[in-house]
Every structure is written in C-alpha cells, then in structure tokens.
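The chain contents come next:
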Amino acid sequence: LNKSSVNNIVDIVQNKILDWAILLEQNGIHGEGMKFTLDEVDNAKNPSIIYYTNNFYSSVDNTQIQQGTDDSDQISII
C-alpha cells in the first residue's frame with residue numbers, strides 16, 4: 001500500500017466514527033467521561049440505531065441487497 005491509500009483508509013474510518021458519534025448524540029447518548037447513564041444505555045439499545053456497512057471486493061453483477069425489512073421477497077428478472 002502506498003501512503004495515500006493508507007491515509008484514505010484512515011480518513012474513511014475517522015468519518016465513519018464521527019458519523020456514528022453524531023448519530024448517538026442525536027439519540028441522546030453522550031457518555032460523559034467514558035461513562036453512560038442508565039437512560040443513555042437504554043437509548044443505545046433502541047433498535048432505531050442501526051448502522052450497516054457493505055463492502056464489495058469483487059464483481060457485483062446481478063446482485064440484490066435488501067436490509068431492514070421483514071417477510072419480504074426479492075425477485076430477479078434477467
């Protein structure tokens with residue numbers, strides 16, 4: 001890996017952590033001094049905080065992705 005590739009990876013990770021921290025804050029989870037109140041812990045268990053990451057390392061031809069649904073079907077017509 002060259003230096004710019006490593007720097008790019010670091011930037012992506014930092015941005016994902018920042019996005020996650022902002023999402024937690026928006027949901028009332030602040031964690032003062034690395035400790036969380038019981039209310040913050042309960043808020044963190046709320047299923048509305050869902051964070052998905054998809055990584056593709058190969059060809060993704062004729063691929064379908066479906067997330068966050070219950071009892072649903074996907075039909076591929078080629």
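Look up: the structure comes first, before these words.
So, a few notes on the structure that sits alongside this text. (Residues numbered from 1 in each chain as written. Predicted model: local features only at pLDDT ≥ 70, side-chain atom pairs only at ≥ 80, totals over all residues. Heavy atoms only, no water.)

The subject of this paragraph is the overall build of the protein. Of regular secondary structure, the protein possesses 2 helices and 0 strands. Residue pairs at least 24 apart in sequence account for 16% of intrachain contacts in the protein once pairs closer than 6 positions are excluded. For the protein, the accessible surface area stands at approximately 7,300 Å², while carbon and sulfur atoms represent 53% of it. (Helix = DSSP H or I, 4+ residues; strand = E, 2+ residues; numbered from the N terminus. Contact = heavy atoms within 4.5 Å. Areas by Shrake-Rupley, 256 points an atom, 1.4 Å probe, with all protein chains shown as cover.)

A word on a nonpolar patch on the surface. There is a patch of nonpolar side chains on the surface, built from Leu1, Val6, Ile9, Val10, Val13, Ile17 and Trp20 and spanning about 710 Å² of accessible area. Tracing the backbone through its elements, the reader meets Val13 in helix α1 (residues 3–26). (Patch = residues over 30% accessible without salt bridge, like charges linked within 9 Å, V, L, I, M, F, W, Y side chains within 5 Å. Salt bridge = Lys/Arg side-chain N within 4 Å of Asp/Glu carboxyl O.)

A few words now on the environment of Ile75. Here Ile75 lies in the segment after α2 (38–44). Using a relative accessible area of 70% as the deciding quantity, one classes Ile75 as exposed. Remark: the alpha-carbon pair of Ile75 and Gln64, spanning 11 residues in sequence, is separated by 9.1 Å. (Buried < 20%, exposed > 50% of the residue type's maximum accessible area, 1.4 Å probe, protein only.)

Position of Gln67 relative to the elements: it lies in the segment after α2. Non-local contacts of Gln67, meaning those with residues more than four positions away in its chain, are made with Tyr52 and Asn54.

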